Amino acid sequence: MSELIHYRLEEGLALIGLDRVPVNALDQSLRAGLSNACERAAADPRVQAIIIHGARGLFSAGSDIGEFGTGASFAEPDLPRTLVRLAGIHKPLIAALGKVALGGGLELALACGYRIGEPNLRVGLSEINLGLLPGAGGTQRLPRLIGAESALNLILSGKQIDAENARLLGILDRVSTSPERLLDEAREYAYELIACRAPAQPAEAWPEPADGLPDDFLVRYRAEHEPSWKSRLAPRLVLSAVEAACLLPLDEGLLKELALFKQAESSRQSKALRHVFFAEREAARIPGVRDDLPLRSITRVAVIGAGTMGGGIAMCFANAGIPVALLERDGKALDRGLTMIRDNYESSVRRGRLLPDQVESRMDLIFGTLDYADLSDADLVIEAVFEKLEVKQQVFLTLEKVCKPGAILATNTSSLDVDAIAATVARPHDVVGLHFFSPANAMRLLEVVRGKATAPDVLATTLDIARRIGKLPVISGVCFGFIGNRMLEPYAREAHRLVLEGATPAQVDRVLTDLDLNMGVFSMLDLAGIDVNFLVRDSNRTASAHDESYCRLGDELYAMGRYGQKTGRGFYLYEGRNRRDDAEVIALAERLADELQISRRPIDDQEILERCLFMLINEGIQLLDEGIALRTGDIDLVWINGYGFPAHLGGPMHYAEQLGLGTVLAGLQRYRNALGKYGEMWFKPAPLLERLVAAGRKRIERF
Ligand code: 3H9
């Protein structure tokens, strides 16, 4: 028997334990081991029922994601056929599910006639997050178990649900009394099934999965949901597969599902999303720092500044059950901040996302103070005061006096020099940048800025605490704007310039949202605040000193007090949440173009796309070359999670590789030649890009 399988015979039962660390991913070797073990149990006359479980508790996270796109994903024995065979064994199979049963792991459980889960179990068909659909029977067996509508909702959301909800839906037959009792109660269940001569597969709960649904249910479902799918392929394939479950017998439905799965697996979108999956895990690693480096203990946190950002940051910690002191300069500002936090929580209650008593328990964890002395026991202090270097340096001078030795001192700056802030204190090794994105309590991305003196354990501890509060931390080196805002700068600059040359804000935004970005540049600037963007730009004018056209439109709008959504006018006009194009902005662009002697012309969509995207990509490559970003995956994560770049394109770096690095370089050179002095100035290919293309490399990597 394979080392990956624990096989035990116990009074009429075969216990088959999966043991492939860390998550029992069903790669070829585990599939082979499982298949052999099941055949052995099926053939053994002493065995009356079979229990499949995770040998170390955790059941299975599904197929091995690393096998997709290689021949190995369907290497014999493949999962779909293995599960058909398991479902055909004439003895009851009981899946005893611990911790997680996801994707192919849940499909394995669905092929078993009976399922029991531990109370902390999380189950789901998460393939959609990888641009896939369940390909080993999930789209066929689940609708027959819980009905087509519930199955569709679960598969399309890719969400994990807990054991009790899984039982209520009909996915689990039983929930064990505790994780420790799971296997014992699975045994008891097996003996009950043997005693009552239960069939290997019980009758389907939903032999007609679409029973009770209107005839046009799927058509309506598609019409309702399709706009939110944008150009994603996988949701459409899921729908086709579930439709097959409603129309075809199981064996034909399974064949259809398999064909759809293979289509998804070979798609660029799935490749991109698999890249994102591994990039997220890779982001947790710090090159040169041991995985087992002892971390500093973080049990108390303090946040300085109870504005929108500081309040949001405090909420992140309270949400994770970590006490946090919130410091302000005066009582009024503190009250305002605390009220804003409470309002935020109460609005979550109204939206059904929080229970009323959770508001109190979270507020209890936030301790408002006006006194720096109350920060003396904090293990981590995050300042979120006004974005001005001198102001932040002043705060750090005070922190140095009041904070205990070993406390981590973090600055929530979005663009300032973390090293210059660290230089104000005698313990720069304790200083790190934590760039939360707004709204801090909702946005998953956290740029962790490593100063030149930041100690390895400070960095590792920060990554750890970020994950504890549900953030996706990405390490950045120190430079103006770090990874995200530094790349935003050339991307937004190009968008501004295109409007002077003849495009409209709405056209630029549409081109970008047609690529599935959540928002176009101008909608984003209107939301974030044209004033905020202006101030950031203004603090770093040197780079743009030789280009009079540089973001001129934004500068003028700022001068006119058109700050975006908050003032009802920016690049667009706003009535409530509705936005309209504004002829005044076009007239302004015409006037500026005239003044700057920029000839206006109709600009086609392709040019907009290329100029904005190539600029973004070029800057990303430069960041990698400078070592500001450690990995291309990190850059992709920042743009996906902070700026709405579509995950199914894999982020700007992955997208560039898909386009072809030669295409990107040729595009940059084309615009460099075509756009005169402006092109000369800005369309300089990153030297790394040139080196990569010259060397015939397909992937972006430092060399
Ligand atoms: C599928 O099943 C297709 C089928 O329908 C049909 C086929 C025909 N494969 O996330 P973590 C690794 S598609 C390979 O850091 P956590 C992960 O890379 C699959 N590796 O821990 C990491 O490795 P490393 C559908 C996997 O506790 C380590 O395990 N399933 C897989 O925060 C720990 O992971 C999914 O989409 C995998 N399937 O979360 C589930 N899963 O240490 C995807 C994990 O080297 N997985 N690894 O970086 C998850 O959602 C989370 O990993 C899980 C654990 C909740 C399991």
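**Q** Is there a simple way to explain the overall build of the protein in this structure?
**A** When you go through the protein residue by residue, the secondary structure sums to 29 helices and 19 strands. Taking 703 residues into account, the globule formula puts the C-alpha radius of gyration at 27 Å, and the protein, at 28 Å, falls close to it. Expressed as lengths along the three principal axes of its C-alpha atoms, the size of the protein is roughly 90 × 60 × 50 Å. Here the protein holds 703 residues, and the buried ones make up 56% of them. Sequence separation of at least 24 residues holds for 72% of the intrachain contacts in the protein that already meet a minimum separation of 6. For the protein, the accessible surface area stands at approximately 29400 Å², while carbon and sulfur atoms represent 52% of it. The averaged location of the 94 negative side-chain charges in the protein is 2 Å from the averaged location of its 81 positive side-chain charges.

**Q** Help me understand the site of the ligand in this model?
**A** In the vicinity of the ligand lie 25 residues, with Ala61, Gly104, Glu107, Glu127 and Arg281 positioned nearest. In the environment of the ligand, a nitrogen atom lies 2.9 Å from a nitrogen or oxygen atom belonging to the backbone of isoleucine 65. About the coverage of the ligand: the protein hides 74% of its 1000 Å² of free accessible area. Elements supplying a minimum of two residues to the shell around the ligand: helix H3 (104-111) and helix H11 (268-282). When residues in the shell around the ligand are grouped by element, the largest group, three residues, is from H11. Classifying every residue of the shell around the ligand by side-chain character gives 14 nonpolar, six polar and five charged.

**Q** How should I be thinking about the side chain of arginine 497 in this particular structure?
**A** Position of arginine 497 relative to the elements: it lies in helix H18 (residues 482-501). Among all residues touching arginine 497, those that are not within four sequence positions of it are Ser549, Ile598, Arg611 and Tyr678.

**Q** Would you mind showing me how to read H18 here?
**A** One full turn of an α-helix is made of 3.6 residues, so residues set three or four places apart face in the same direction. Between its first and last C-alpha atoms H18 spans 29 Å; for 20 residues at 1.5 Å apiece the expected length is 28 Å, and the two agree. A large share of H18 lies buried, amounting to 18 of its 20 residues. A positive backbone phi angle near 135 degrees is found at glycine 502, which sits one or two residues after H18.

**Q** What is the right way to look at the packing of helix H26 (residues 652-659) against helix H27 (residues 661-674) in this model?
**A** Two measures define how a pair of helices packs: the angle their axes make with one another and the distance between the axes. Packing of H26 against H27 brings their axes to within 5 Å, and their N-to-C directions diverge by 95 degrees. The angle between the axes of H26 and H27 places the two elements in the roughly perpendicular class. Of the residues in H27, those in contact with Ala656, Glu657 and Leu659 of H26 are Leu661, Thr663 and Val664. In terms of residue class, the contact of H26 with H27 is made up of four nonpolar, one polar and one charged.

**Q** When you look at the domain arrangement of the protein in this model, what are you seeing that I'm missing?
**A** Quoted interface sizes are often the accessible area lost when the parts come together. Per the domain assignment, the segments making up the protein are domain 1 (5-265), domain 2 (301-476) and domain 3 (484-627 + 660-694). The distance between the C-alpha centroids of domain 2 and domain 3 comes to 32 Å.

**Q** Explain the sheet that holds strand E9 (residues 174-175) here, please?
**A** Within a sheet, adjacent strands bond to each other through the backbone by hydrogen bonds, running parallel or antiparallel. What the six strands build is an open sheet, ordered E1-E2-E3-E4-E6-E9; its pairing is mixed. Of all the strands in the sheet, the pair left with one neighbour each is strand E1 (5-10) and E9.

**Q** What's the story with the nonpolar core in this structure? I'm lost.
**A** A general trend in soluble globular proteins is that nonpolar side chains are found buried together. Counting residues in each nonpolar core, the largest one holds 82 residues, and the members touching the most others are Ile483, Tyr491, Val508, Leu613, Trp639 and Phe645. A domain split of this core shows at least three residues from each of domain 2 (301-476) and domain 3 (484-627 + 660-694). Apart from the residues within four sequence positions on either side, tryptophan 639 is in contact with Ile483, Gly484, Met487, Leu488, Tyr491, Leu616, Gly644, Phe645 and Pro652. Listed in part, the 69 residues of the second largest apolar core include Ala14, Leu130, Leu133 and Ile161.

**Q** Hey, could you run me through the pattern of salt bridges in this one?
**A** It is possible for side chains bearing opposite charge to pair when their charged atoms get close. Counted under the stated rule, the structure contains 60 salt bridges. Its salt-bridge partner being glutamate 584, residue arginine 562 comes within 3.2 Å of it at the nearest N-O pair. Within this pair, whereas arginine 562 is found in the loop between helix H22 (552-559) and strand E18 (573-575), its partner glutamate 584 is found in helix H23 (residues 583-596), the two being separated by 22 residues in sequence. Its salt-bridge partner being glutamate 607, residue arginine 611 comes within 2.8 Å of it at the nearest N-O pair. In this pair, arginine 611 and glutamate 607 both sit in helix H24 (residues 605-626), four residues apart, roughly one turn of the helix. Each of Arg8, Glu10, Arg181, Asp184, Glu185, Arg187 and Glu188 takes part in one network of salt bridges that share partners.

**Q** In this structure, what is going on with the state of the cysteines? I would like to understand it.
**A** For the structure shown, the criterion picks out zero disulfides. Looking at the unpaired cysteine 196, the closest cysteine sulfur is the one in cysteine 112, lying at 17 Å.

**Q** Any chance you could explain the packing of aromatic side chains here in plain terms?
**A** Aromatic ring pairs are defined here through the distance separating the ring centres and the angle between the ring planes. The tally for this structure, following the rule as stated, stands at 15 aromatic pairs. Residues phenylalanine 522 and phenylalanine 571 carry aromatic rings whose centres are separated by 4.5 Å and whose planes lie at 50 degrees to one another, so their mutual orientation is tilted. In this pair, phenylalanine 522 sits in helix H20 (residues 521-528) while phenylalanine 571 sits in the loop between H22 and E18, placing the two residues 49 residues apart along the sequence. Take phenylalanine 522 and phenylalanine 571: they sit in the same class, and that class is buried. Taken together, Phe437, Tyr491, Trp639 and Tyr643 form an aromatic cluster joined through their ring pairs. The ring of phenylalanine 74 carries lysine 262 above its face, with NZ or CZ at 4.5 Å from the centroid. The side chain of arginine 670 reaches across the aromatic face of tyrosine 671, ending 5.2 Å from its centre.

**Q** So what exactly am I meant to see when it comes to the side chain of threonine 139 here?
**A** Here threonine 139 shows up in helix H4 (residues 138-146). For threonine 139, the side chain forms a polar contact with the side chain of glutamate 257, separated by 2.6 Å. Leave out the neighbours within four places in its chain, and threonine 139 touches Leu133, Pro134, Ile155, Ala241, Val242, Ala245 and Glu257.

**Q** How should unusual backbone geometry be read in this particular structure?
**A** Leaving glycine out, the prevailing phi sign among residues is negative, and the prevailing peptide bond configuration is trans. Residue valine 21 is joined to proline 22 through a cis peptide bond whose omega torsion reads 0 degrees. Position of proline 22 relative to the elements: it lies in the loop between strand E2 (13-18) and helix H1 (28-43). For the peptide bond that leads from serine 438 to proline 439, omega is -5 degrees, which places it in the cis range. Here proline 439 shows up in the loop between strand E15 (431-436) and strand E16 (445-449). Not every positive phi belongs to a glycine, and lysine 230 is a case in point at roughly 50 degrees. If you trace the backbone, lysine 230 turns up in the loop between helix H8 (217-229) and helix H9 (234-247).

**Q** Teacher, can you tell me more about the environment of glycine 138 here?
**A** Along the chain, the position of glycine 138 falls in helix H4. Here the alpha-carbon distance between glycine 138 and arginine 56, two residues 82 residues apart in the chain, equals 24 Å. Contacts of glycine 138, omitting those with residues within four sequence positions, involve Glu107, Leu110, Leu125, Pro143, Ile155 and Glu257.

**Q** Quick question: what am I supposed to make of the sheet that holds strand E5 (residues 100-102) here?
**A** Strand order in the open sheet formed by three strands is E5-E7-E8, with mixed pairing between adjacent strands. In this open sheet, the two edge strands, each paired with only one partner strand, are E5 and strand E8 (161-162). The pairing of strand E7 (residues 122-124) with E8 spans two bridges and is classified as antiparallel. By the bridge assignment for E8, valine 123 is matched with isoleucine 161. Together, E5 and E7 form the strand contacts of H3, whose direction differs from that of E5 by roughly 90 degrees.

Reading the values: rules and limits
- Residues numbered from 1 in each chain as written.
- Predicted model: local features only at pLDDT ≥ 70, side-chain atom pairs only at ≥ 80, totals over all residues.
- Heavy atoms only, no water.
- Helix = DSSP H or I, 4+ residues; strand = E, 2+ residues; numbered from the N terminus.
- Rg over C-alpha atoms; globule rule 2.2 N^0.38 Å.
- Buried < 20%, exposed > 50% of the residue type's maximum accessible area, 1.4 Å probe, protein only.
- Contact = heavy atoms within 4.5 Å.
- Areas by Shrake-Rupley, 256 points an atom, 1.4 Å probe, with all protein chains shown as cover.
- Lys, Arg positive; Asp, Glu negative; His and termini not counted.
- Charge placed at Lys NZ, Arg CZ, Asp CG, Glu CD.
- Near = heavy atom within 4 Å.
- Polar contact = N/O pair within 3.5 Å; in protein donor to acceptor, adjacent residues only side chain to side chain.
- Nonpolar A, V, L, I, M, F, W, Y, C, P; charged D, E, K, R; others polar.
- Expected span 1.5 Å × (residues − 1).
- Axes fitted to C-alpha atoms, helices over the stretch in contact; angles between N-to-C directions.
- Parallel < 35°, antiparallel > 145°, perpendicular 65-115°, else oblique.
- Domains from an automatic or database assignment.
- Pairing = 2+ DSSP bridges.
- Core = buried A, V, L, I, M, F, W, Y, C linked by side-chain atoms within 4.5 Å.
- Salt bridge = Lys/Arg side-chain N within 4 Å of Asp/Glu carboxyl O.
- Disulfide = S-S within 2.5 Å.
- Phe/Tyr/Trp six-rings, centres within 6.5 Å; stacked < 30°, edge-to-face > 60°.
- Lys NZ or Arg CZ within 6 Å of the ring centre and 35° of its normal.

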